[in-house]
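# Observations on the model geometry
This is what each chain is made of:
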Amino acid sequence: MASEFKLAPSILSADFANLQLALSQCDEGGAHWIHVDVMDNQFVPNLSIGPPVVKSLRPNTNKFLDIHMMIIEPEKLVKPFARAGADLITFHIEATDDPQSVIDLIKSTGIQVGISLKPSTPLSDIEPYYDQVDLILVMSVEPGFAGQGYIKRSTERIQEIKKKLTHQCLQDRVLIEIDGGIKLHNAKEVIDAGADVLVAGSAVFGTDDPAQTIKDFYNLGSTAEH
Ligand code: DX5
Ligand code: ZN
């Protein structure tokens, strides 16, 4: 098992009245990234965070801000999120008729670009863009809510993407992120399958001691190495 994975706690499961606490817990636990779920109540049936919140987070953390846009017309919010301090913006392939222009737009702001797909969207829809993105976000639940169960076949999707990336010699350049239903008990499975970044919302912020839980994730990586 590779021990070099990044944990990206999703603040969707944190207390929105005290995001500073969530940032401190991520610091204390040693999380690499902060995952920010952006929902518009159109692409998904939920409404969450916009650029002003990211702007407020930015001066309070030096962690990598990983923005997951679950919105229609993603091109309209790329610049506002980039200006607010995003380090990477991921958009959904299902949310646009012109993925190439969204990729180009995100790149033009100087930050990294990710592409994502829902559990039922064929991988072939995103394959043409593998050599143009920094990250592929595999949804392992239906986007919209934290706290859902991991969709088991996502593990094979990670393996399939890793295989294709390796075939194109892109495996060290393009990260695979897995998002939805990740817990301590299935983290090893997705890392072994090839995931480089693990998003965890309820598994981190739903516990009494989120900082310790983050450490538990990383300990899992180092102790499981054989
Ligand atoms: C779901 C979001 C996820 C969510 C993960 O649409 O994209 O990032 O916050 O939450 P858990 O880890 O609880 O499934
Ligand atoms: Zn997410």
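Residues numbered from 1 in each chain as written. Chains lettered and ligands numbered in written order. Predicted model: local features only at pLDDT ≥ 70, side-chain atom pairs only at ≥ 80, totals over all residues. Heavy atoms only, no water.

Quick look at the site of ligand 1 now. Close to ligand 1 lie 20 residues; Asp 37, Gly 144, Asp 179, Gly 201 and Ser 202 are nearest. With respect to ligand 1, the side chain of Asp 37 contributes an N or O atom lying 2.8 Å from an oxygen atom. Between ligand 1 and Gly 181 there is a distance of 2.8 Å, counted from an oxygen atom to a backbone nitrogen or oxygen. Those elements that provide at least two residues to the shell around ligand 1 are β2 (33–39), β3 (64–70) and β8 (197–200). A per-element tally of the shell around ligand 1 places β2 first, with three residues. Grouping the constituent residues of the shell around ligand 1 by class yields nine nonpolar, nine polar and two charged. (Near = heavy atom within 4 Å. Polar contact = N/O pair within 3.5 Å; in protein donor to acceptor, adjacent residues only side chain to side chain. Helix = DSSP H or I, 4+ residues; strand = E, 2+ residues; numbered from the N terminus. Nonpolar A, V, L, I, M, F, W, Y, C, P; charged D, E, K, R; others polar.)

Each pair of packed helices gets described by two things: the angle between the helix axes and the distance between those axes. Look at helix α5 (residues 154–167) against helix α6 (residues 184–193): their axes get within 8 Å of each other, and the N-to-C directions meet at 25 degrees. By the angle class used here, α5 and α6 are roughly parallel. Relative to α6, the crossing made by α5 is right-handed. The segment α5 lies against α6, with Thr 155, Ile 158, Gln 159 and Lys 162 engaging Glu 189, Val 190 and Ala 193. (Axes fitted to C-alpha atoms, helices over the stretch in contact; angles between N-to-C directions. Parallel < 35°, antiparallel > 145°, perpendicular 65-115°, else oblique. Left-handed = near helix turned anticlockwise from the far one by under 90°. Contact = heavy atoms within 4.5 Å.)

So, on to the pattern of salt bridges. If you walk through the whole model with that rule in mind, you get nine salt bridges. Among the ionic pairs, Lys 152 bridges to Glu 189, the shortest N-O distance being 2.9 Å. Of the two residues, Lys 152 is situated in the loop between β6 (135–139) and α5 and Glu 189 in helix α6; the sequence distance between them amounts to 37 residues. Judged by relative accessible area, Lys 152 falls into the exposed class, the value being 53%. (Salt bridge = Lys/Arg side-chain N within 4 Å of Asp/Glu carboxyl O. Buried < 20%, exposed > 50% of the residue type's maximum accessible area, 1.4 Å probe, protein only.)

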